[in-house]
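Working through the structure, step by step
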Amino acid sequence: MTAMVELKNVTKTIKGKKIIDDLSFEVNHGEVFGFLGPNGAGKTTTIRMIVGLIGITEGDILINGKSVQRDFADAMKDVGAIVENPELYKFLTGYQNLMQFVRMTKGVTKERIDEVVELVDLKDNIHKKVKTYSLGMRQRLGLAQCLLHQPKVLILDEPTNGLDPAGIREMRDHLRKLAKEENMCIIVSSHLLSEMEMMCDRIAIISKGKLVNVQNVHEQMEENERSYLFEIDKLEEAISLLEGKGYSVLKEQDGLVVSTNREGIPFIIKLMVEKDINMYGIKEVKRTLEERFLEITAN
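Everything numeric in this text was worked out from a predicted model, so none of it was measured.

1. Looking at the environment of His149
In this structure, His149 sits in the loop between α5 (135-147) and β7 (153-157). C-alpha of His149 to C-alpha of Arg176: the two residues are 27 residues apart in sequence and 19 Å apart in space. Excluding residues within four positions of it along the chain, His149 makes contact with Met76, Lys77, Val79, Gly80, Phe101, Thr105 and Val108. In this structure the side chain of His149 is engaged in a polar contact, spanning 2.8 Å, whose partner is the backbone oxygen of Val79. From its side chain, His149 meets the backbone oxygen of Cys146 in a polar contact 3.3 Å long.

As structure tokens, then:
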């Protein structure tokens, strides 16, 4: 499958300083792709380059195979984006705001407007003035603007900023729905780890302008890196036994966390039984996205 968005060795230099350093990754149809990093890591700068708000010093960005540098207008036809906050006319209704956007965009029908309004769940409020909208409703109206021209790529910079928990959940549900039902490529920038874990299929972690890691959010650790909690008694005896066999062991309140592959579990059970160490349970210990993020960006 051809990637919808490709960053190829992208570098951005400002006043002699590399803000973005040789960044490369791909985003595919039908996935929510998280762009994660500490404040100042280069997330917004990268997004501004993708949508053409600032130039690229080196490298190239392709959207649906079209170069942002060489074929900007055609590349942007496939893109809907909100960088930071949606800009809206508060003295107009939501519908009137959408009509202002339609004036700049060819081929948007009334049926498409109604379809998008329904999609972002603003049907009951679309004819009210924007100044009466909650922050979550304004974010959804901004999302509606992005979707009117049926883009193949949706790019959102910190879309849940300032939203309450209900608004964050609404935004997350809308984005997952768009990726699944519209087969849309969605790029979301954030530093909210828990939200990224629930919203995204894959994440790219950026630190100090460099790509540190791209990974599936929910993927298991590699076979040789899995950890299991063994609920047992005689902890000190078990530690000596396992470390003597070369295992990495961490003592916990409920037992021992042992790093091993799946095939190592029966062997450990046999060791415990032979030494008359009682075992009450075994469960896999999964690292959260927060733990992985802090581990990856620690240096």
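2. Topic: a nonpolar patch on the surface
A cluster of nonpolar side chains, namely Ile269, Val273 and Ile282, defines an oily patch on the protein surface of about 240 Å² accessible area. With respect to the element layout, Val273 can be found in helix α9 (residues 264-274).

3. Some thoughts on the nonpolar core
Counting 42 residues, the largest nonpolar core has Leu143, Leu147, Leu154, Leu175, Leu178 and Ile186 as the members making the most contacts within it. The greatest single-element share of this core, amounting to 6 residues, is contributed by α5. Residue contacts for Leu143: discarding those within four places in its chain leaves Ile82, Val120, Leu154, Leu156, Met171, His174, Leu175 and Leu178. Within the second largest apolar cluster, 29 residues are counted, among which are Leu7, Ile20, Ile56 and Ile155.

4. Let's talk about the sheet that holds strand β14 (residues 279-285)
If you walk across this open sheet you meet the 4 strands as β12-β13-β11-β14, and the pairing is antiparallel. Two strands lie at the open edges of the sheet, namely β12 (248-252) and β14, each paired on one side alone. Pairwise comparison of adjacent strand axes, ignoring direction, gives a mean angle of 25 degrees for this sheet. The pairing of strand β11 (residues 227-232) with β14 spans 6 bridges and is classified as antiparallel. Among the inter-strand pairings, Ile232 is bridged to a residue of β14, identified as Met279. Against the sheet, helix α8 (residues 235-244) makes contact with β11, β12 and β13 (255-259), and its axis sits at roughly 165 degrees relative to β12, the strand it touches most.

Rules behind the numbers
Residues numbered from 1 in each chain as written. Predicted model: local features only at pLDDT ≥ 70, side-chain atom pairs only at ≥ 80, totals over all residues. Heavy atoms only, no water. Helix = DSSP H or I, 4+ residues; strand = E, 2+ residues; numbered from the N terminus. Contact = heavy atoms within 4.5 Å. Polar contact = N/O pair within 3.5 Å; in protein donor to acceptor, adjacent residues only side chain to side chain. Patch = residues over 30% accessible without salt bridge, like charges linked within 9 Å, V, L, I, M, F, W, Y side chains within 5 Å. Areas by Shrake-Rupley, 256 points an atom, 1.4 Å probe, with all protein chains shown as cover. Salt bridge = Lys/Arg side-chain N within 4 Å of Asp/Glu carboxyl O. Core = buried A, V, L, I, M, F, W, Y, C linked by side-chain atoms within 4.5 Å. Buried < 20%, exposed > 50% of the residue type's maximum accessible area, 1.4 Å probe, protein only. Pairing = 2+ DSSP bridges. Axes fitted to C-alpha atoms, helices over the stretch in contact; angles between N-to-C directions.

None of this, on its own, says anything about what the molecule does.
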